[in-house]
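# Residue-level structure breakdown
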Amino acid sequence: MKLDQLKVLRAVVETGSVKAASERLNRTQPAVSQGLKALEQQTGTELFDRSGYRLELTPIGQRVYLQSLRVLAEAEDLTQLVRHFGRGEEETITIAIDAGTDLALLMPVLKALQAQFPETRVVLKTELLSGAIGALHSGEAALAIAPMLAVMLEEEGFDHLRIGQIVLRNVAAPVMIDAMGAPERLTELRRFTQVIARDSGQAAGLFDRELGVQKGQRRWYVSDLQTKKALLVAGLGWGRLPEHLIAAELAAGVLREIDLPLTHLPSEAKIFAFRQPRPVIGPVATALWESLEGYSEDR
């Protein structure tokens, strides 16, 4: 049994006649009829009821047809996969994404990537603070997306594109806000537990310190922002989170912003895509970078 015969069977079933199938396949009617006859000889039974105007599958023919569809689909997937690797396209690419990044910024380029390279597996690796830079340095990630300072990326020697920004706000549950009274400075919050997300990288250079954490501050540590948000909502501490992650909680009033008029005001952080300056990357990662260039605010 050959794939070509199964393609003939599919065409006849979908068009309803040998003539229409021959036109679709760009073959002569005798060639199509011969393909069907050969398939029936191999299965040992008639696959079509030929008594009517339109060819109709017999019960056995229906089973053979449905199985043939699965076989053809797998064969076509295999053909596409072989072509994919033949073009040198990566089997897998890893993108390091800081947990504070608003993923809405990336959805258009990720959709385009999936449409253009459906056979490439994409790994989105969540990082915190220096984790994205570390993943790029180690070669674990082909590209990285994170809130960052342009001067840091330049010092690291990375190519970089500014693709957006986020707003970071200091928040806590209403019960903790009430307990704080009316603080004016960050120093007045030392006795209230600050929930801090740990760095997922090596914390070298500028990251080799706890940014936004004062000496003597009571603190708890978490490894992801969702846990941090859950603790804040439960009234177990206060902390800084990206606005897009807490928009619903702020709107519902389960979190409130801490008003510190003199220090520690809300801040904006620019989101960058970055990579090694002379990257040894394949066509998929290159296409992703070029797509990001189209969304860059530095154009």
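Preceding this section is the structure that the text describes.
Now for a look at the structure at hand. (Residues numbered from 1 in each chain as written. Predicted model: local features only at pLDDT ≥ 70, side-chain atom pairs only at ≥ 80, totals over all residues. Heavy atoms only, no water.)

### Overview of the packing of aromatic side chains
Note the cut-off: Each aromatic pair joins two rings of Phe, Tyr and Trp (for Trp, the six-membered one) with centres within 6.5 Å, and gets the label stacked for planes under 30 degrees apart, edge-to-face for over 60, and tilted for any other angle. For a Lys NZ or an Arg CZ to count as sitting over a ring, it must be within 6 Å of the ring centre and within 35 degrees of the ring normal.
Tallied over the entire structure, the rule returns one aromatic pair. The lysine or arginine in question, R198, covers the ring of Y221, its NZ or CZ lying 4.0 Å from the ring centre.

### A look at the environment of R63
To be explicit about the condition: Here a strand is any run of E in DSSP of at least two residues, a helix any run of H or I of at least four, and the numbering for each starts at the N terminus. For each residue, the accessible area found with a 1.4 Å probe, counting protein chains only, is set against the maximum for its type, and the residue is called buried under 20%, exposed over 50%, and partly exposed in between.
Looking at where R63 falls in the secondary structure, it is placed in helix α4 (residues 59–86). We classify R63 as exposed; its relative accessible area is 68%. In sequence terms R63 and L47 are 16 residues apart; their C-alpha atoms lie 9.3 Å from each other.

### Overview of the packing of helix α9 (residues 225–233) against helix α10 (residues 243–252)
What counts is decided by this rule: With axes taken as lines fitted to C-alpha atoms, and helix axes fitted only over the stretch in contact, angles between N-to-C directions fall between 0 and 180 degrees. Working rule for angles: under 35 degrees goes down as roughly parallel, over 145 as roughly antiparallel, 65 to 115 as roughly perpendicular, anything else as oblique. Should the near helix be turned anticlockwise from the far one by less than a right angle, the crossing is left-handed, and should it be turned clockwise, the crossing is right-handed. Note on definitions: a residue-residue contact is assigned when non-hydrogen atoms from the two residues lie within 4.5 Å.
Taken N-terminus to C-terminus, the directions of α9 and α10 make an angle of 25°; their axes are 11 Å apart at the nearest point. As judged from the angle between their axes, α9 and α10 are roughly parallel. α10 is crossed by α9, and the crossing has right-handed handedness. Residues L225, Q226, K229 and V233 of α9 form the contact with α10, whose own contacting residues are L245, I246 and E249.

### Remarks on the pattern of salt bridges
Here is the rule we go by: The term salt bridge refers to a side-chain nitrogen of Lys or Arg lying within 4 Å of a carboxyl oxygen of Asp or Glu.
This model, assessed by the stated rule, comprises nine salt bridges. Note that E14 and R24 form a salt bridge whose closest N and O atoms lie 2.5 Å from each other. Of this pair, E14 sits in helix α1 (residues 3–15) while R24 is found in helix α2 (residues 18–25), placing the two residues 10 residues apart along the sequence. Since its relative accessible area comes to 41%, E14 is described here as partly exposed. On the accessibility criterion, R24 (48% relative accessible area) is partly exposed. Across the pair E243 and R169 runs a salt bridge, and its minimum N-O distance is 2.7 Å. On the criterion of sequence distance, the pair formed by E243 in helix α10 and R169 in strand β6 (residues 159–172) is long-range, its members being 74 residues apart. Taking relative accessible area as the criterion, E243 reaches 29% and is therefore assigned partly exposed.

### Brief notes about helix α11 (residues 283–295)
Keep this limit in mind: One less than the residue count of a helix, multiplied by 1.5 Å, gives the span that helix is expected to have.
With 13 residues, α11 extends 19 Å from end C-alpha to end C-alpha; this agrees with the ideal 18 Å at 1.5 Å per step. Here α11 has its buried residues at V284, A285, A287, L288, W289 and L292. For α11, the elements touching its buried residues are β3 (92–98), α5 (107–116), β5 (143–147), β6 and β11 (267–275).

### A short note on the nonpolar core
Test applied: Side-chain atoms within 4.5 Å are what join buried Ala, Val, Leu, Ile, Met, Phe, Trp, Tyr and Cys residues into a set we call a nonpolar core.
Residues L106, L143, I145, I163, A273, L288 and L292 are the most contacted members of the largest nonpolar core, which totals 24 residues. Among the secondary structure elements, those contributing two or more residues to this core are β3, α5, β5, β6, β11 and α11. In terms of residues, this core owes the most to one element, α11, which gives six residues. Listed in part, the 16 residues of the second largest apolar core include V8, A11, V32 and L36.

### A look at α2
Under the convention used in this document: Note: the arc covers the axis-to-C-beta directions of the helix.
Every buried residue of α2 is listed here: V18, A21 and S22. The buried residues of α2 occupy one face: seen down the axis, they fall within an arc of 100°. Relative to its buried face, α2 has exposed residues pointing more than 90 degrees away, namely K19 and E23. Turning to α2, the residues buried within the fold contact α1 and α3 (29–43). In the segment just after α2, N26 is the residue with positive phi, at about 60°.

### Remarks on the pairing of β5
What counts is decided by this rule: Two strands qualify as a pair provided that DSSP identifies no fewer than 2 bridges between them.
Counting buried positions over the five residues of β5 gives four, a clear majority of the element. Note that β5 and β11 share four bridges and pair antiparallel. Bridge pairing links A144 to F274 in β11.

### A few points about the packing of α1 against α3
Worth spelling out the cut-off: Three classes are used, and their members are as follows: Ala, Val, Leu, Ile, Met, Phe, Trp, Tyr, Cys and Pro are nonpolar, Asp, Glu, Lys and Arg are charged, and the others, Gly among them, are polar.
Axis separation between α1 and α3 bottoms out at 9 Å; the angle between their running directions is 110°. Considering their axes alone, α1 and α3 lie roughly perpendicular with respect to each other. Between α1 and α3 lies a crossing of left-handed hand. Each of Q5, L6, V8, L9 and V12 in α1 lies in contact with α3, whose residues at this interface are V32, G35, L36, A38, L39 and Q42. Of the residues that constitute the contact of α1 with α3, the class distribution is eight nonpolar, three polar and no charged.

### Re the environment of P174
Here P174 is to be found in helix α8 (residues 174–180). In this structure P174 comes out as partly exposed when scored by relative accessible area, which is 24%. Residues P174 and A234, spaced 60 residues apart in sequence, show a C-alpha to C-alpha distance of 9.8 Å. Setting aside residues up to four positions removed in sequence, P174 forms contacts with G253, V254, L255 and R256.

By themselves, these figures tell us nothing about what the structure is for.
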